[in-house]
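Structure at a glance
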Amino acid sequence: MEQTWRWFGPDDVVPLHAIRQAGASGVVTALHHIPYGVVWSIDEIEKRKAQIGADPSLGLRWSVVESLPIHERIKVGEGDLTALFDNYRQSMRNLAACGVKTICYNFMPVVDWTRTELFHVLPGGGRALRFNAHEYAAFDCFMLERPGAKDEVEPAVLAKAEAWYKQSTEEDRRRLLSTIMAGLPGAFDRYDIPGLRQQLARYAGIDRDALRQNYARFLREVIPTAEEVGIRMAVHPDDPPRSLMGLPRIVSNADDLAFVMKAVDSRANGITLCTGSLGAGRANDPPAIARDFASRIHFVHLRNVAKDPDGSFMEADHLTGDTDMVAVVEALLNEQARRKAAGEENWRLPFRPDHGHELLDDIGKGSFPGYSAIGRLKGLAEIRGVMIAVAKLKGLPI
Ligand code: DNO
């Protein structure tokens, strides 16, 4: 498996040499400064490649794009989308021409990953990301005041949400809003409450089926180009895998993934296996998903979560938490062996330690939430240990 590391570009407080020190060689990045819907030119792509390769002794290469974002109008199916589809395809062609051939993206409406706490203090002083069901409900029901929101919440969670809201200060509420909006590093779209209400209104007529149709249309538009230029598209699952703010989420479980895979049945239409996102769904079994969709996995995020019965969850250490990481790694190594035996050239699966706690000197550094240096280095080291051990015991190629 190719060890990779997300880097947000020159503004990332975790520099490129840290990636080498952590033991990764693949860089996962995006041109975060280019607005959604605008073509990524060859020039801009080459500029980023040159930054990554500036010190050849680090041995780094741009391995995966995360993300090439999909414009909200495509998700909503709003107006004439020809130019947006053309631009997306052109970006794919340009990336392929520059040798960057794996593209991670998501199809989550309005918000990307969502948490309610970015600095949950752990014993010893480390810090983790958390999703508290009652805080999210407080936001949805009492701050956003979304009609019907209260009916979707279990009574015990609603009572706790109301209590939270009643004792909250203006500062608490401001922090909760900005935490919920934090999931888009480098993104342009952050909303206040009125702005968010406006975004939600765009989805008024769009239920699960309509959103699935818009997604299938996107796939029909771009997958033929991916096939033509050798790009592997890899959809990232919803995080968390549940509806938020009444919006449909359609990449949350095995059934959803099966729909996506069938919408355009091509190997180029693939998956980012994110064990943390999928693992936050009570009914999801990440090792089984890894096995069942193995041939369509093009990129992997390894991370673990510990769930509470009320729907809350915390980002756990990479090897503890609810997901059997050893079983996931074994499934991935088996799939690699299959690809290698079939004579595939790029049989190695790129994976990255997804998120890490803030540990030791990470604290106060101002890294993007989840993207600390030491926390991720620890996660990568643990996963690397599992990978090497399982490969050796089972006689599989690494
Ligand atoms: C969070 C990430 C996601 C991911 C996008 C992919 O840390 O895993 O934000 O990059 O959803 O499009």
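Residue positions are counted from 1 within each chain, in the order its sequence is given. For this predicted model, a pLDDT threshold of at least 70 governs which residues receive local features, and a threshold of 80 or more governs which side-chain atom pairs are given and counted, while totals over whole chains, interfaces and linings are taken from all residues. With hydrogens and water excluded, all non-hydrogen atoms of the structure serve as input to the side-chain values.

On to the overall build of the protein, then. A helix here means a DSSP run of H or I that spans at least four residues, while a strand means a run of E at least two residues long, and both kinds are numbered starting from the N terminus. Of the regular secondary structure elements, the protein holds 14 helices and twelve strands. The globule rule puts the C-alpha radius of gyration for 398 residues at 21 Å, and the 20 Å found for the protein is close to it. Taking the principal axes of its C-alpha atoms as reference, the protein extends roughly 60 × 55 × 40 Å. Accessibility here uses a 1.4 Å probe with only protein chains present; expressed as a share of the type maximum, an area under 20% marks a residue as buried, one over 50% as exposed, and anything in between as partly exposed. When burial is assessed residue by residue, the protein has 58% of its 398 residues classed as buried. Surface exposure of the protein reaches about 16000 Å², of which carbon and sulfur atoms provide 52%. Only four residue types enter the tally: Lys and Arg on the positive side, Asp and Glu on the negative side; His and the chain ends are excluded. By convention, the point assigned to a charge is CZ for Arg, NZ for Lys, CD for Glu and CG for Asp. Between the averaged position of the 49 positive side-chain charges in the protein and that of its 53 negative side-chain charges there is a distance of 3 Å. As a reference, a globule follows 2.2 Å times the number of residues to the power 0.38, and the radius of gyration itself is taken over C-alpha atoms. Each accessible area value is a Shrake-Rupley result obtained with a 1.4 Å probe; residue values ignore everything except the protein chains displayed when judging cover.

In this section: the domain arrangement of the protein. A domain assignment, automatic or from a database, supplies the domain bounds used here. Taken as a whole, the protein is organised into domain 1 (2-114 + 207-394) and domain 2 (129-199). Taking only C-alpha atoms into account, the centre of domain 1 sits 26 Å from that of domain 2. Contact between two residues is taken to exist if any of their heavy atoms lie within 4.5 Å; hydrogens are not considered. Taken residue by residue, the interface counts 29 residues in domain 1 and 24 residues in domain 2. Take the accessible area each of two parts loses on contact, using a 1.4 Å probe, and add the two losses: that sum is the buried area. A buried area of about 2300 Å², summed over both sides, lies between domain 1 and domain 2, and 64% of it is on carbon and sulfur atoms. A pair is scored as a salt bridge if a Lys or Arg side-chain nitrogen falls within 4 Å of a carboxyl oxygen belonging to Asp or Glu. The tally of links between domain 1 and domain 2 comes to one salt bridge. A salt bridge links Asp 308 to Arg 130; the nearest nitrogen and oxygen atoms lie 3.2 Å apart. In the analysis that follows, any N or O atom pair within 3.5 Å is treated as a polar contact, provided that within protein one partner can donate a hydrogen and the other can accept it, and provided that, for residues neighboring in sequence, both atoms belong to side chains. Applying the counting rule to domain 1 against domain 2 returns six residue pairs in polar contact (both at pLDDT 80 or more). In terms of residue count, strand E11 (residues 313-315) provides more of the side of domain 1 that touches domain 2 than any other element does, three residues in total.

To continue, consider the site of the ligand. In the vicinity of the ligand lie 14 residues, with Glu 66, Ser 67, Asn 106, His 355 and Tyr 371 positioned nearest. One of the side-chain nitrogen or oxygen atoms of His 236 is found 3.2 Å away from an oxygen atom of the ligand. Across the complex, the protein chains shield 99% of the 330 Å² of accessible surface that the ligand would expose by itself. Counting residues per element, the shell around the ligand draws most heavily on strand E4 (residues 102-106), at three residues. If a single non-hydrogen atom of a residue is within 4 Å of a molecule or strand, that residue counts as near it.

Glancing now at the side chain of Asp 12. Here Asp 12 shows up in the loop between strand E1 (2-6) and helix H1 (16-22). Excluding its chain neighbours within four sequence positions, the residues that come into contact with Asp 12 are Arg 6 and Trp 7.

One requirement defines pairing of two strands: DSSP has to find at least two bridges between them. Here we have four strands laid out as an open sheet, ordered E5-E6-E11-E10, and antiparallel in their pairing. What marks the edges here is a single partner per strand, and that holds for strand E5 (117-121) and strand E10 (305-307). Averaged over all neighbouring strand pairs, the angle between strand axes comes to 35°, with direction disregarded. Relative to strand E6 (residues 127-131), E5 runs antiparallel, the two sharing three bridges. A fitted line through C-alpha atoms serves as each axis, taken over the contacting stretch for helices, and the angle formed by two N-to-C directions is quoted from 0 to 180°.

With that settled, consider the packing of aromatic side chains. Pairing of aromatic side chains requires ring centres within 6.5 Å, counting the rings of Phe and Tyr and the six-membered ring of Trp. Pairs whose planes differ by under 30 degrees are stacked, by over 60 edge-to-face, and all others tilted. Under the criterion given, the structure shown has ten aromatic pairs. Between Phe 107 and Tyr 215 the ring centres are 4.3 Å apart and the planes differ by 15°, which places this aromatic pair in the stacked class. Taken together, the positions of Phe 107 in the loop between E4 and E5 and Tyr 215 in helix H9 (residues 208-229) put the pair 108 residues apart, joining distant regions of the chain. For Phe 107, a relative accessible area of 0% puts it in the buried group. A relative accessible area of 1% places Tyr 215 in the buried class. Ring pairs connect the aromatic residues Tyr 88, Tyr 105, Phe 107, Tyr 215 and Phe 218, which therefore count as one cluster.

A word on the packing of helix H6 (residues 155-167) against helix H7 (residues 170-180). Any two packed helices are characterised by the angle at which their axes cross and by the distance between the axes. It is at 8 Å that the axes of H6 and H7 come closest, and there the two elements cross at 125°. One element, H6, and the other, H7, form an angle in the oblique class. Contact residues: H6 offers Trp 164, Tyr 165 and Gln 167, while H7 offers Asp 172, Arg 173 and Leu 176. Polarity classes work like this: nonpolar for Ala, Val, Leu, Ile, Met, Phe, Trp, Tyr, Cys and Pro, charged for Asp, Glu, Lys and Arg, and polar for all others, with Gly in that last group. Residue composition of the contact of H6 with H7, grouped by class: three nonpolar, one polar and two charged. Working definition: roughly parallel below 35 degrees, roughly antiparallel above 145 degrees, roughly perpendicular at 65 to 115 degrees, and oblique for all remaining angles.

A few words on the environment of Ile 231. Residue position: Ile 231 is located in the loop between H9 and strand E7 (232-236). For Ile 231, a relative accessible area of 2% corresponds to the buried category.

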